[in-house]
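# Overview (structure and organization)
Here is what each chain is made of, one letter per residue.
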Amino acid sequence: MPALSEVIAALDALWPPERAEEWDAVGTVCGDPDAAVQRVLFAVDPVQEIADEAVKLGADLLITHHPLYLRGTTTVAASTFKGRVVHTLIKNDVALHVAHTNADRADPGVSDALAGALGLRITGPLVPDPSDPAGRRGLGRVCELDEPMTLRDFAGLAAARLPATAQGIRAAGDPGVTVSRVAVCGGSGDSLFDQVRAAGVDAYVTADLRHHPVSEARQQSPLGLVDAAHWATEWPWVEQAAAQLDEISDRHGWNLRTHISRTVTDPWSAHAASHPTATPGAPN
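The structure contained in this document is the topic of the report that follows. (Residues numbered from 1 in each chain as written. Predicted model: local features only at pLDDT ≥ 70, side-chain atom pairs only at ≥ 80, totals over all residues. Heavy atoms only, no water.)

## What to know about unusual backbone geometry
Looking along the chain, the bond that leaves Asp107 and enters Pro108 is cis, with omega of 0 degrees. Tracing the backbone shows Pro108 in the loop between α4 (101–104) and α5 (110–117). One non-glycine residue, Asp208, adopts positive backbone phi at about 60 degrees. Summarising the element assignment, Asp208 is placed in the loop between β9 (203–207) and α8 (211–220). Residue Asp208 is classed as partly exposed on the basis of its relative accessible area of 35%. You will see that Asn255, though not glycine, has its phi angle at about 60 degrees, which is positive. Mapped onto the elements, Asn255 comes out in the loop between α9 (230–252) and β11 (257–260). Look at Asn255 and you get exposed, because its relative accessible area is 55%. (Helix = DSSP H or I, 4+ residues; strand = E, 2+ residues; numbered from the N terminus. Buried < 20%, exposed > 50% of the residue type's maximum accessible area, 1.4 Å probe, protein only.)

As structure tokens, then:
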């Protein structure tokens, strides 16, 4: 079995930490570099449910997309929920490693996995990484559909192919407009509207879309917007990342056992659709 340090070196080659955003917190959060690794669990969020799942599984390493401590902290006391995660992992000899915006920019990265889940054909990055001479790395992806469809049907396709969440899928724009070229960005993507418009796509799939940016975007162009739950747009990366580590394990003869968490850690738990007869100011 490989040492944790060997596995981390392989992960850093996949998702170099220096390619993360300056504000990000990626890399190894806890773990003994000399400890042996045999079982690895992949998940989106390093929350208590996932830590408990790692312990129950007997995992030696937990790899998540989201950081545990994105901002600085002065305590890992178990009286705090993040501290309790740290205590759970350390007491049970489970290391934690994070690949966040460095995995977003990777080739393949988070948006490649999202495009793959939607059955889209990738033509290139939405925001190319200038340090990549091959022009494959970067934020988001520009894609094409095999067959054009309406925005309504495309939103339905996203609802069918992405993991189910309470939010489901929201769409903004003319439901009957034809969609053939699509941009995707796993996670929060409303900061990329300028690049999306410049890409000349018909629709944009991302998460965490807010009222004002969407309202302004709709006024500027006929771009269709498809808003999924943040967790749902990033979960496909978990499967992709596990497959990448499997390939590395086979190449090195490590015999790692990789597992994918299917625990839904999206924080929203219920959704109530608006009543079609409800109008502003009218009694219900």
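## Structural notes on the sheet that holds strand β10 (residues 224–228)
In a beta sheet, neighbouring strands pair by backbone hydrogen bonds and run either parallel or antiparallel. One open sheet holds the six strands; their spatial order is β5-β6-β8-β9-β10-β7, and the pairing between them is mixed. The open sheet is flanked by β5 (121–128) and β7 (169–172), the only strands paired with a single partner. Direction aside, the axes of adjacent strands within the sheet are offset by 25 degrees on average. Relative to β9, strand β8 (residues 178–188) runs parallel, the two being bridged by four bridges. Residue Ala183 lies in a different strand from β9, and its bridge partner there is Tyr204. Relative to the sheet, helix α6 (residues 151–161) contacts β6 (138–150), β7, β8, β9 and β10, its axis offset from that of β6 by approximately 120 degrees. (Pairing = 2+ DSSP bridges. Axes fitted to C-alpha atoms, helices over the stretch in contact; angles between N-to-C directions. Contact = heavy atoms within 4.5 Å.)

## What about the packing of aromatic side chains?
Inspection of every chain in the model, using the stated rule, returns two aromatic pairs. Relative to Trp237, the ring of Trp15 has its centre 5.3 Å away and its plane inclined at 55 degrees; by these criteria the two rings are tilted. Here the residue Trp15 occupies a position in the loop between α1 (4–14) and β1 (27–30), and Trp237 occupies one in helix α9, the gap between them amounting to 222 residues. Residue classification places Trp15 among the buried positions, given a relative accessible area of 1%. (Phe/Tyr/Trp six-rings, centres within 6.5 Å; stacked < 30°, edge-to-face > 60°.)

## Considerations on the environment of Leu96
Relative to the assigned elements, Leu96 resides in strand β4 (residues 95–98). The buried category is assigned to Leu96, whose relative accessible area is 0%. For Leu96 and Ala54, which are 42 residues apart along the polypeptide, the C-alpha to C-alpha distance reads 10 Å. Once residues within four sequence positions are removed from consideration, Leu96 is found in contact with Gly27, Thr28, Val29, Cys30, Pro46, Leu61, Leu62, Thr64, Leu68 and Leu89.

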